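Commentary on secondary and tertiary structure
Below are the chains, spelled out letter by letter.
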Amino acid sequence: MEKFEWVSFPLKDESLIKNIIAFLAFLLMILVGYVYLGIVGIFISLIAVLITFLPYILPTKYIIENEKITVKFFFTSKTYEFKNFKSYYIDDKGILLSPFEKPHRLENFRGLYVRFGKYRNSVEKIIIEKFKKS
């Protein structure tokens, strides 16, 4: 199979209302930091908020090749082999690839969530094909 790659950028893909709500949550967390700890609280809450909102603010690049998927985010790149995943669950925003055969509480921590971005049909089709082969 050929290489398929796409970028998921939630800040750009989501509606204006959701972006405004995220910005208000950002401001609220900074305000709480200021009220409780003053100027130092602003810096502490700013760091905590940026770490929390990083997946929303920065784009994530996904690359599917042969029997592996590569996720590039910020300064990191991680490659996963499809043979490590035994099931998948589709929702509105993406697919959760799970290392467990049945639903399990740990799959959110051990699995990989692949966001569709603007390529829902293509990504869904390719990943389902990968699971049919194995």
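This is a predicted model, so every value here is computed, not measured.

Let's shift gears to the pairing of strand β1 (residues 4-8). Of the two faces of β1, only the one carrying F4, W6 and S8 is buried; E5 and V7 on the other face are not. Note: β1 against strand β2 (residues 60-65), five bridges, orientation antiparallel. The residue bridging V7 from the neighbouring strand is K61, located in β2.

Next up on the list: the sheet that holds strand β3 (residues 68-73). Read across the sheet, four strands follow the order β1-β2-β3-β4 without closing on themselves; strand pairing throughout is antiparallel. Here the strands that pair on one side only, and so sit at the sheet edges, are β1 and β4 (76-81). Looking at each pair of strands side by side, their axes are set apart by 15° on average, direction ignored. The strands touched by helix α4 (residues 120-133) are β1 and β2; relative to β1, the strand with the most contacts, the crossing angle is about 130°.

Glancing now at the nonpolar core. Within the largest apolar cluster, 17 residues are counted, with the highest numbers of intra-cluster contacts made by L97, V114 and I127. When residues of this core are traced back to their parent elements, those giving at least two are β1, β2, β3, β6 (94-98), β7 (112-115) and α4. If we skip the residues at most four places from it in the chain, L97 touches F82, F85, S87, Y88, G111, L112, V114, I127 and F131.

Our focus in this paragraph is the pattern of salt bridges. When the charged atoms of two side chains lie near each other, side chains of opposite charge can form a pair. Within the structure shown, the criterion is met by seven salt bridges. Residue E14 is joined to K18 by a salt bridge in which the shortest nitrogen-to-oxygen separation is 3.3 Å. Here E81 makes a salt bridge to K83, at a shortest N to O gap of 3.4 Å. Relative accessible area serves as the criterion here: at 38%, E81 is assigned to the partly exposed category.

Further remarks concern the packing of aromatic side chains. Think of a pair of aromatic rings as described by two things: how far the centres are apart, and how the planes are tilted against each other in angle. This model, assessed by the stated rule, comprises nine aromatic pairs. With a centroid separation of 4.7 Å and an interplanar angle of 40°, the aromatic rings of F74 and F75 are classed as tilted. Of the two residues, F74 and F75, neither departs from the other in class, the shared state being exposed. Centroid distance Y80 to F85: 6.1 Å. Interplanar angle 45°. Geometry classified as tilted.

This brings us to α4. If you check α4, its first and last C-alpha atoms are 20 Å apart, about what 14 residues at 1.5 Å a residue would give, namely 20 Å. The set of residues buried in α4 consists of V123, E124, I126, I127, I128, K130 and F131. On its buried face, α4 is in contact with β1, β2, β5 (87-90), β6 and β7.

Unlike most non-glycine residues, N66 shows phi in positive territory, near 30°. Tracing the chain through its elements places N66 in the loop between β2 and β3. A relative accessible area of 47% means that N66 is categorised as partly exposed. At F74, a position not held by glycine, the phi torsion is positive, near 60°. Inspection of the secondary structure puts F74 in the loop between β3 and β4.

About the thresholds
- Residues numbered from 1 in each chain as written.
- Predicted model: local features only at pLDDT ≥ 70, side-chain atom pairs only at ≥ 80, totals over all residues.
- Heavy atoms only, no water.
- Buried < 20%, exposed > 50% of the residue type's maximum accessible area, 1.4 Å probe, protein only.
- Helix = DSSP H or I, 4+ residues; strand = E, 2+ residues; numbered from the N terminus.
- Pairing = 2+ DSSP bridges.
- Axes fitted to C-alpha atoms, helices over the stretch in contact; angles between N-to-C directions.
- Contact = heavy atoms within 4.5 Å.
- Core = buried A, V, L, I, M, F, W, Y, C linked by side-chain atoms within 4.5 Å.
- Salt bridge = Lys/Arg side-chain N within 4 Å of Asp/Glu carboxyl O.
- Phe/Tyr/Trp six-rings, centres within 6.5 Å; stacked < 30°, edge-to-face > 60°.
- Expected span 1.5 Å × (residues − 1).

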